[in-house]
Amino acid sequence: MTTPHPSSAAARAGSAMAVASMTCVQLGLAASVGLFDRVGPEGAAFLRLAWAGVILLVAVRPRLRRLSPGALPACVALGCVTAGVTMLFMAAVDRIPLGTASALEFLGPLGVAVTRSRGARLLAWPALAAVGVVLLTEPWHGGADPVGVAFALAAACCWAAYILLTQRVGDQVAGLDGLAISLTVAGVVAAVVAGPSTFGRLTPELVVVGVGLAVLLPVVPFALEMLALRRLTTASFGTLMSLEPAIALVVGLLLLHQVPGWWPVLGIAFVVAAGVGAERSGARPPAEPRYETSMESTRSA
């Protein structure tokens, strides 16, 4: 019986974590849609991020003194883009179908995959995924809400930054300390932006619902993504995110009754093929974590 190569095992584990994360994200988004009429999309995002920050801050109890000088700014930056991608995407979903919004948002990870891929063969997977995204969005039909599309594209930019920063924080900070810090920052940013318009509409029931949504999204999926990015390259991870529009399409159909046409269904086949290809070629060389115990950080020449 042959033993799997460590890099192959890492790729499979990282891919499984990424898929589980995407599934949690889409289920959490579908569940959040029900809150739009009560607190608005920004309020729903605020509830999730604020509770996520509280939950991880209490559970992980990160120690700032253990961080290297460069780690804390990276965690803060990650928190800011996390708030951005969450709030912008919720605003997009309020205006356009979940599957379409996810496909447009995927342009961020796809951009990471294209810029970080090496060699023509690896670029084939992002290209295949791009075809799938076009089929999922069906731009030739027109009629999409331009404001919703703009929000989704802005979320795509934040998501690209989120992938790069998540890998950096995951490499520099031990355990889930970096995630706890970044989600606390995200909760503060969301409170500043959406809190004033949300506080007056909160009820005890909504507060309890917010706790459950925070666990489903973002606590569990973001933790899985950070662990996945310790095992995968950013190019592979970005291409694997091509599965998210397909997952969103299925969740939108089952939970929100958003029925897709034949072109989006064909798009699912393209993005799934791209995701499988990324999984088979996306193992990341083992990194040497720079865990922060003192001011003796090593700088590479």
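Placed above this text is the structure.
Predicted, not measured: the structure shown is a model, and the values here were computed from it.

Draft legend 1. Structural detail: the overall build of the chain. Each helix and strand counted, the chain has 12 helices and 0 strands in total. If you list the helices and strands of the chain from N to C, you get α-α-α-α-α-α-α-α-α-α-α-α. Relative to its 301 residues, the chain shows a buried fraction of 50%. When contacts within the chain are restricted to residue pairs at least 6 apart in sequence, long-range pairs at least 24 apart make up 90% of them.

Draft legend 2. Focus on the nonpolar core. Counting residues in each nonpolar core, the largest one holds 82 residues, and the members touching the most others are Leu183 and Phe237. Broken down by element, this core gets its largest block of residues, 12 residues, from helix α3 (residues 71-93). Not counting residues up to four positions away in its chain, the partners in contact with Phe237 are Ala18, Ile163, Glu225, Ala228, Leu229 and Leu232.

Draft legend 3. Fine view of the environment of Gly212. Here Gly212 lies in helix α9 (residues 204-228). Each C-alpha atom of the pair Gly212 and Ala52 lies 9.6 Å from the other, and the pair is 160 residues apart in sequence.

Draft legend 4. A look at the layout of surface pockets. Volume-wise, the largest pocket comes out at about 400 Å³. Around the largest pocket sit 24 residues that line it, and Pro97, Thr100, Leu136, Thr137 and Glu138 are the ones nearest its centre. Secondary structure elements with two or more residues in the lining of the largest pocket: α4 (98-105), α6 (120-137) and α11 (243-256). A breakdown of the residues in the lining of the largest pocket according to their chemical character gives 12 nonpolar, 9 polar and 3 charged.

Draft legend 5. Local environment of the packing of helix α5 (residues 107-116) against helix α7 (residues 146-172). α7 packs onto α5 with a crossing angle of 50° between their chain directions and a minimal axis gap of 7 Å. Judged on the interaxial angle alone, α7 and α5 are oblique. In the crossing of α5 with α7, the sense of the turn from one axis to the other is right-handed. Along its contact with α5, which presents Leu107, Gly108, Pro109, Val112 and Arg116, the element α7 presents Leu153, Ala156, Trp159, Ala160, Ile163 and Leu164. Here the residues of the contact of α5 with α7 sort into 9 nonpolar, 1 polar and 1 charged.

Draft legend 6. Geometry of α11. Taking 1.5 Å of rise per residue, 14 residues should cover 20 Å, and α11 covers 19 Å from first to last C-alpha, within 8% of that figure. Among all positions in α11, only Leu243, Glu244, Pro245, Ala246, Ile247, Ala248, Leu249, Val251 and Gly252 are buried. Once α11 ends, the next one or two residues include His257, with phi positive near 60°.

Draft legend 7. Focus on unusual backbone geometry. A cis amide bond, omega 20°, links Leu217 with the succeeding residue Pro218. In this fold, Pro218 is placed in helix α9. Even without being glycine, Arg61 reaches a positive phi, approximately 50°. The topology assignment puts Arg61 in the loop between α2 (36-60) and α3.

Draft legend 8. Fine view of the packing of aromatic side chains. A complete count under the given rule lists 2 aromatic pairs for this structure. Here Phe46 and Phe199 contribute two aromatic rings whose centre-to-centre distance is 5.5 Å and whose plane-to-plane angle is 80°, an arrangement assigned as edge-to-face. Within this pair, whereas Phe46 is found in helix α2, its partner Phe199 is found in the loop between α8 (177-198) and α9, the two being separated by 153 residues in sequence. Judged by relative accessible area, Phe199 falls into the partly exposed class, the value being 48%. Their ring planes at 45° and their centres at 5.2 Å tell us that Tyr162 and Phe222 sit as a pair that is tilted. Within this pair, whereas Tyr162 is found in helix α7, its partner Phe222 is found in helix α9, the two being separated by 60 residues in sequence. By relative accessible area, Phe222 is classed as buried at 7%.

Draft legend 9. Fine view of the environment of Leu49. Mapped onto the elements, Leu49 comes out in helix α2. Given a relative accessible area of 0%, Leu49 falls into the buried group. For Leu49 and Ala214, which are 165 residues apart along the polypeptide, the C-alpha to C-alpha distance reads 6.6 Å. For Leu49, the contacting residues outside a window of four places in its chain are Thr82, Ala83, Thr86, Met87, Leu183, Ala186, Gly187, Ala190 and Pro218.

Draft legend 10. Here's a closer look at a nonpolar patch on the surface. Residues Leu27, Val250, Leu253, Leu254, Leu255 and Val259 make up a contiguous nonpolar surface patch of roughly 540 Å² in combined accessible area. The greatest single-element share of the nonpolar patch, amounting to 4 residues, is contributed by α11. Here Leu253 lies in helix α11.

Draft legend 11. Fine view of the pattern of salt bridges. Here the structure, examined in full by the defined rule, presents 1 salt bridge. Put simply, Arg38 and Glu205 hold a salt bridge, and the shortest N to O gap is 3.4 Å. Separated by 167 residues along the polypeptide, Arg38 in helix α2 and Glu205 in helix α9 bring together distant segments of the chain. A relative accessible area of 36% means that Arg38 is categorised as partly exposed.

About the thresholds
- Residues numbered from 1 in each chain as written.
- Predicted model: local features only at pLDDT ≥ 70, side-chain atom pairs only at ≥ 80, totals over all residues.
- Heavy atoms only, no water.
- Helix = DSSP H or I, 4+ residues; strand = E, 2+ residues; numbered from the N terminus.
- Buried < 20%, exposed > 50% of the residue type's maximum accessible area, 1.4 Å probe, protein only.
- Contact = heavy atoms within 4.5 Å.
- Core = buried A, V, L, I, M, F, W, Y, C linked by side-chain atoms within 4.5 Å.
- 1 Å grid on protein atoms, 1.4 Å probe; cavity = no way out; pocket = protein on both sides within 12 Å on 5 of 7 lines; lining within 4 Å.
- Points joined across faces, edges and corners; volume = space filled by probe spheres on them.
- Nonpolar A, V, L, I, M, F, W, Y, C, P; charged D, E, K, R; others polar.
- Axes fitted to C-alpha atoms, helices over the stretch in contact; angles between N-to-C directions.
- Parallel < 35°, antiparallel > 145°, perpendicular 65-115°, else oblique.
- Left-handed = near helix turned anticlockwise from the far one by under 90°.
- Expected span 1.5 Å × (residues − 1).
- Phe/Tyr/Trp six-rings, centres within 6.5 Å; stacked < 30°, edge-to-face > 60°.
- Patch = residues over 30% accessible without salt bridge, like charges linked within 9 Å, V, L, I, M, F, W, Y side chains within 5 Å.
- Areas by Shrake-Rupley, 256 points an atom, 1.4 Å probe, with all protein chains shown as cover.
- Salt bridge = Lys/Arg side-chain N within 4 Å of Asp/Glu carboxyl O.

What is shown is where atoms sit, not what they do.
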